[in-house]
Amino acid sequence: MLEHNTSGGSQEIGQSVDFKSYCRDVLDFPKQGIIFRDITNLLKNGPVFMMAIDAMALPYKDTMVDAVVAIEARGFIIGAALAYRLGCGLVPVRKQGKLPWQVYQAAYDLEYGQDHLEVHQDAVVPGQRVLIVDDVIATGGTAAAVIRLIKEMRGKIVGAAFLAELTALNGTEKLLGIPVFSLIKY
Ligand code: AMP
């Protein structure tokens, strides 16, 4: 069932895979009251990881995407694989102070206080078509900050893709009508 189909048929197989069953719920991590959706068991299973990426790429097969904009840190894992699958570039959005060149910066809310995300100012040129990618969308605050960064660079956002969405938190409402694809919904 989980065999790697080298003819490119893994999307078909992927439709019958219960991806959620490869994610682990970790209670009270990183703090009391949070259910952490741990994707490491999905990632370590080669055929399942491949089918997950294929299934995430499928909605964009007829969409022109110049670059995946991936969010540190787990977003890099999903984003890099998806960019390879789509044959497009990868733009890293990083935590404050990690990127070496001139950056744009956007604040986003943490439970207590704020943090900042940064992107190189020349990462996206005006009019380029980008897809935002992260592992999980929860409140949507992180992805909303990335939207502000892309708008500053005058990129065109064609969508946002997540391995998992925590639907009860209504995070997609913060994404200003951008089309969202989530492989797994909680
Ligand atoms: P948010 O800004 O609230 O949408 O949070 C999204 C970011 O926080 C993503 O980069 C996720 O990796 C991480 N995150 C938030 N909540 C969870 C959770 N319950 N399980 C795993 N990761 C989470």
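Heads up: the structure comes first, above all this text.
In this report, the structure presented in the accompanying data block is examined. (Residues numbered from 1 in each chain as written. Predicted model: local features only at pLDDT ≥ 70, side-chain atom pairs only at ≥ 80, totals over all residues. Heavy atoms only, no water.)

1. A closer look at the layout of surface pockets
In this structure, the largest pocket occupies an estimated 1200 Å³ of space. In terms of lining, the largest pocket is formed by 35 residues, of which the most central are Phe36, Arg74, Ala138, Thr139 and Thr142. Those elements that provide at least two residues to the lining of the largest pocket are strand S2 (35-38), helix H4 (74-86), strand S5 (103-109), strand S7 (129-137) and helix H5 (141-152). Here the lining of the largest pocket gets 4 residues from one element, more than from any other, and that element is S7. (1 Å grid on protein atoms, 1.4 Å probe; cavity = no way out; pocket = protein on both sides within 12 Å on 5 of 7 lines; lining within 4 Å. Points joined across faces, edges and corners; volume = space filled by probe spheres on them. Helix = DSSP H or I, 4+ residues; strand = E, 2+ residues; numbered from the N terminus.)

2. A closer look at the site of the ligand
As a structural note, the neighbourhood of the ligand is formed by 14 residues, with Asp134, Asp135, Thr139, Gly140 and Thr142 the closest of them. Glycine 141 is positioned such that a nitrogen or oxygen atom in its backbone is 3.4 Å from an oxygen atom of the ligand. At 4 residues, the largest contribution of residues to the shell around the ligand is made by S7. Tallied by class, residues from the shell around the ligand come to 6 nonpolar, 4 polar and 4 charged. (Near = heavy atom within 4 Å. Polar contact = N/O pair within 3.5 Å; in protein donor to acceptor, adjacent residues only side chain to side chain. Nonpolar A, V, L, I, M, F, W, Y, C, P; charged D, E, K, R; others polar.)

3. Here we look at H4
Helix length check: H4 (13 residues) gives 19 Å between terminal C-alpha atoms against 18 Å at 1.5 Å per residue, within 8%. Those residues of H4 lying buried are Gly75, Ile78, Gly79, Leu82 and Ala83. What you see down the axis of H4 is that its buried residues fit within an arc of 130°, all on one side. The inward-facing, buried residues of H4 contact helix H2 (40-43), helix H3 (46-57), strand S3 (67-71), strand S4 (89-95), S7 and strand S8 (156-165). (Expected span 1.5 Å × (residues − 1). Buried < 20%, exposed > 50% of the residue type's maximum accessible area, 1.4 Å probe, protein only. Arc of directions from axis to C-beta. Contact = heavy atoms within 4.5 Å.)

4. Concerning the sheet that holds S5
Sheet strands associate in pairs through backbone hydrogen bonding, adopting either a parallel or an antiparallel arrangement. Judged by pairing direction, the sheet is mixed, and its 7 strands sit side by side in the order S5-S6-S4-S3-S7-S8-S9 without closing on themselves. Since the sheet does not close on itself, it has two edges, and those belong to S5 and strand S9 (180-185), each with one partner. Looking at each pair of strands side by side, their axes are set apart by 20° on average, direction ignored. The strands that H4 touches are S3, S4, S7 and S8; relative to S7, the one it contacts most, it runs at about 140°. (Pairing = 2+ DSSP bridges. Axes fitted to C-alpha atoms, helices over the stretch in contact; angles between N-to-C directions.)

5. What about the packing of aromatic side chains?
Under the defined criterion, the tally for this structure stands at 1 aromatic pair. When the centroid spacing of 5.2 Å and the interplanar angle of 85° are considered together, the rings of phenylalanine 29 and phenylalanine 36 count as edge-to-face. For phenylalanine 29, a relative accessible area of 44% corresponds to the partly exposed category. Using a relative accessible area of 18% as the deciding quantity, one classes phenylalanine 36 as buried. Above the plane of the ring of tyrosine 186 lies lysine 20, whose end atom (NZ or CZ) is 4.9 Å from the centre. (Phe/Tyr/Trp six-rings, centres within 6.5 Å; stacked < 30°, edge-to-face > 60°. Lys NZ or Arg CZ within 6 Å of the ring centre and 35° of its normal.)

6. Focus on the environment of proline 126
One can find proline 126 in the loop between strand S6 (114-120) and S7. Given a relative accessible area of 49%, proline 126 falls into the partly exposed group. On a C-alpha basis, the gap between proline 126 and threonine 142 in space is 22 Å, while along the polypeptide they are 16 residues apart. Not counting residues up to four positions away in its chain, the partners in contact with proline 126 are Met153 and Arg154.

7. Describing the pattern of salt bridges
Applying the stated criterion across every chain, the model contains 7 salt bridges. The salt bridge involving arginine 37 is made with aspartate 25; its shortest N-O contact spans 2.9 Å. Taken as a pair, arginine 37 in strand S2 and aspartate 25 in strand S1 (residues 24-27) lie far apart in primary sequence, 12 residues in all. We note a salt bridge from aspartate 62 to lysine 61, for which the minimum N-O separation is 3.2 Å. No difference in accessibility class separates aspartate 62 from lysine 61, as the two residues are exposed. (Salt bridge = Lys/Arg side-chain N within 4 Å of Asp/Glu carboxyl O.)

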